[in-house]
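Inside the fold
The lines below spell out each chain.
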Amino acid sequence: MMRAAILTLHASRAVIQVKLNLSAPRDTLRKVSTQSQFPPKSLLPSAALRSLFPAIVVARERRIPGDAADLLPSEAIFVRNATPKRVNEFAAGRACARSALAELGVHDVALHPAGDRQPVWPVGFIGSITHTTGLCAAVVAARRSILAIGLDSEIIGAPTPDIWSTICRDEELGWVGLLPADERPAAVTLLFSAKEAFYKCQYPLVGEWLDFHDLSIAVKDWGRTTGTFAASATRKIRFTQHADLPIAGRYVFHEPFVSAGVSVPAAAAFPQ
Ligand SMILES: CC(C)(COP(=O)(O)OP(=O)(O)OC[C@H]1O[C@@H](n2cnc3c(N)ncnc32)[C@H](O)[C@@H]1OP(=O)(O)O)[C@@H](O)C(=O)NCCC(=O)NCCS
């Protein structure tokens, strides 16, 4: 079933609306019973996403649409005027995050968004949420182990060629141009996801808005399902008060998605 979706890319304070044609696999949308299991089958431990982070990070993913009934009343207030699609993705993210937190011993906690939309995690914990068509996921860790964490998942090929230059710097486009033509959409999607993951990792630490061209991503291990990338900044950014750049991130292709993760182990962080 073909469906249209709108991906909103924020760049240089402009918002670019990108029309995507997505094919949502039927089995990712099938409702699964959630009775009497922990975690419920709809909230699976995610091996693919777990592989992006140190072992102490807990990951949960959901392949079916979110359910507004999963929201706690104080969370529902934040999406009371939102579209059903937005309510569902917000609820799916909260359900994934709550399930991951439960594994760390934190139960039934409300996850409110701050005014800038970042989730407010329980004291002593840190996490990151992502959603795209057919997938929602959250990763969570204890703050004593992980100082900062960012997760992003995208559908491969979602960024269309007309916005590649918005996402990629010249050196990144140079690398993409050396690849076989049929690999380029996946490569640009990886660059996009890596930048979004880095952004989500750094923002809660320093509150700094970054443009796509403020970051430069060097992909290692291209051609493999999983690999690493090095993220560096092309201007002075506040994140370097907490960790050195370039910082290594990890990626995984798990059809039809590519996901990227960036984290800063607490031990590697500079004194607060
Ligand atoms: C934060 C942002 C990167 C998320 O992008 P998105 O297209 O909505 O992608 P995802 O679905 O993967 O992630 C959304 C989740 O990220 C989390 N999030 C939102 N703002 C965040 C922030 N400032 N810091 C950390 N996490 C944030 C939220 O949990 C959100 O889900 P929710 O609203 O349901 O809770 C994007 O909205 C944004 O603010 N971009 C501006 C900066 C940018 O993109 N620069 C280019 C890259 S350097």
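Residues numbered from 1 in each chain as written. Predicted model: local features only at pLDDT ≥ 70, side-chain atom pairs only at ≥ 80, totals over all residues.

A few points about the overall build of the protein chain
For the protein chain, the count of helices and strands is six helices and 11 strands. The burial tally for the protein chain puts 39% of its 272 residues in the buried class. Long-range contacts, defined as pairs at least 24 residues apart, comprise 59% of the intrachain contacts of the protein chain with a sequence gap of at least 6. (Helix = DSSP H or I, 4+ residues; strand = E, 2+ residues; numbered from the N terminus. Buried ≥ 20, exposed ≤ 12 C-beta atoms within 10 Å, placed from the backbone. Contact = placed C-beta atoms within 7 Å.)

Here we look at the environment of K236
Locating K236 in the fold gives a position in the loop between strand 9 (226–233) and strand 10 (247–254). Owing to 8 C-beta atoms within 10 Å, K236 belongs among the exposed residues under this scheme.

Section: the sheet that holds strand 6 (residues 135–142)
What the four strands build is an open sheet, ordered 3-4-6-5; its pairing is antiparallel. Only two strands of the sheet have a single neighbouring strand rather than two, namely strand 3 (44–45) and strand 5 (125–132). In the sheet, strand 4 (residues 58–62) pairs with strand 6 via five bridges, with the strands oriented antiparallel. Within strand 6, the position partnered with E61 by the bridge is A137. Where helix 3 (residues 84–103) meets the sheet, it contacts strand 4, strand 5 and strand 6, and its direction lies at approximately 35° from that of strand 6. (Pairing = 2+ DSSP bridges. Axes fitted to C-alpha atoms, helices over the stretch in contact; angles between N-to-C directions.)

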